[in-house]
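Chain by chain, the residues:
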Amino acid sequence: MQRSRGWATGWNAARVTVAVLILVAVGAQFASSTAEAVARGRDVATVVANFFSFFTILSNVSSAIVIAWLGARFFARGRRVEVDPPALATALAFVSTYMIVTGIVYNLLLRGIPLQPETVAWSNEIMHVWGPLFLLLDVLVGPGRRRLPWSAAFAAAIFPVAWIVYTLLRAPLITNPTTGAPFWYPYPFLDPSTGGWGSVAVYIVVIAVAIIALAFGVVAIGRARGIRRPRLSDVGADVRGRHAAGRR
C-alpha cells in the first residue's frame, strides 16, 4: 500500500494538513499565554522562554516541520513514490517517538490536572491527543518509510535526555511567573518540591526507558514495512533481462 501513488498522495496531503493544524494550535496557545502574561503584568520574556521549554511544544513544532517537509517534498518531486531520504527518515522516526511519548505521558499523568485559565482547550487536545495519534498512524501506514538501523532507536533518546538536563539545571534559576515560587518546572512530576528527588529520578528513568522502547518499536515497524532499496546487482540483472527480452 505504501507504494501506491494514490495512497501516497492522500497521506502526504494529510501530513501537510496536520502540520498546519499543529502549528495553528501552538500559535493559538502561544498567543493566549503571552496575552495573559501582559494582562497580569508577568514577565513576558520568562513566559515566552518557559513556553518553548515544554517538551510538548518542542515535540509538536518539530513534528510539524518534519511531516510538512515530507509532504511538500513529495509534491515538489512530482508525486513520485520513493523511499524517504536517510536524514528525513531518521527525523521522522524521532519526532514520531516524541509525539507518541507526549500523548502517553499527558493522558496517563497530566490529564486530570486542572487547566490554567490561559490554556486553549482545543489547542491542548490537538497537541496532546490528535497530533500524537496521527504520528502513530504515520508509523503504521505512512508511505515511503525507510528501513533504519537499530542504532537509531538509541539516538532518539539523546534529545529527551538533553531536555531533561536543561530543565533540571534551568528550573531553580527561574522565578515562576504565575505563583512567584523561586523555581519553575514545566511538569509536576519533575518538581522535587512535590515528591522529592527520589520520585523525580523514578519518573526520569521510567520515561527514558519508555522513550527508548517506543523508539525501538518505531524502528522495528519501519524495518518490517519499510521500502527495501534494490541492490545494484539486482538492478543490473533486471536491465539485462529486459534487453534480452527485447532481442527475442
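Structural data are supplied above this passage.
Parameters and conventions
Residues numbered from 1 in each chain as written. Predicted model: local features only at pLDDT ≥ 70, side-chain atom pairs only at ≥ 80, totals over all residues. Heavy atoms only, no water. Axes fitted to C-alpha atoms, helices over the stretch in contact; angles between N-to-C directions. Helix = DSSP H or I, 4+ residues; strand = E, 2+ residues; numbered from the N terminus. Parallel < 35°, antiparallel > 145°, perpendicular 65-115°, else oblique. Left-handed = near helix turned anticlockwise from the far one by under 90°. Contact = heavy atoms within 4.5 Å. Nonpolar A, V, L, I, M, F, W, Y, C, P; charged D, E, K, R; others polar. 1 Å grid on protein atoms, 1.4 Å probe; cavity = no way out; pocket = protein on both sides within 12 Å on 5 of 7 lines; lining within 4 Å. Points joined across faces, edges and corners; volume = space filled by probe spheres on them.

## Considering the packing of helix α1 (residues 5-39) against helix α5 (residues 121-141)
What describes two packed helices is the angle between their axes and the distance between those same axes. Where α1 contacts α5, the two axes come as close as 10 Å, and the packing angle between them is 155°. By the criterion of interaxial angle, the relationship of α1 to α5 is roughly antiparallel. When you trace α1 past α5, the crossing you get is left-handed. Contact residues: Trp7, Trp11, Ala14, Arg15, Val18, Leu21, Ile22, Val24, Ala25, Val26, Ala28 and Gln29 in α1; Trp122, Ser123, Ile126, Met127, Gly131, Phe134, Leu137, Asp138 and Val141 in α5. Its residues placed into classes, the contact of α1 with α5 shows 16 nonpolar, three polar and two charged.

## Description of the layout of surface pockets
Leftover empty space is mapped by rolling, across the atoms, a probe with the size of a water molecule. Looking at the largest pocket, its volume works out to about 1,000 Å³. Residue lining of the largest pocket: 34 residues in total, with Phe54, Gln116, Thr119, Trp184 and Pro186 positioned closest to the centre. Put simply, the parts of the chain that give the lining of the largest pocket at least two residues each are α1, α2 (44-51), α3 (55-76), α4 (86-110) and α5. Among the elements that take part in the lining of the largest pocket, α1 stands out by supplying four residues, more than any other. Here the residues of the lining of the largest pocket are counted per class, giving 18 nonpolar, 12 polar and four charged.

## Comments concerning empty space enclosed by the protein
According to the stated counting rule, one finds two cavities of 30 Å³ or more in the structure shown. A volume near 180 Å³ is recorded for the largest cavity. Lining the largest cavity are 17 residues, with Phe55, Val101, Val105, Trp163 and Phe189 sitting closest to its centre. Broken down by secondary-structure element, the contributors of at least two residues to the lining of the largest cavity are α3, α4, α7 (158-170) and α8 (192-225). In terms of residue count, the dominant contributor to the lining of the largest cavity is α4 (five residues). Its residues placed into classes, the lining of the largest cavity shows 14 nonpolar, three polar and no charged. Computed from the structure, the second largest cavity encloses a volume of approximately 130 Å³. The wall of the second largest cavity is formed by 13 residues, among which Asn12, Arg73, Phe74, Glu82 and Asp84 lie closest to the centre. Elements supplying a minimum of two residues to the lining of the second largest cavity: α1 and α3.

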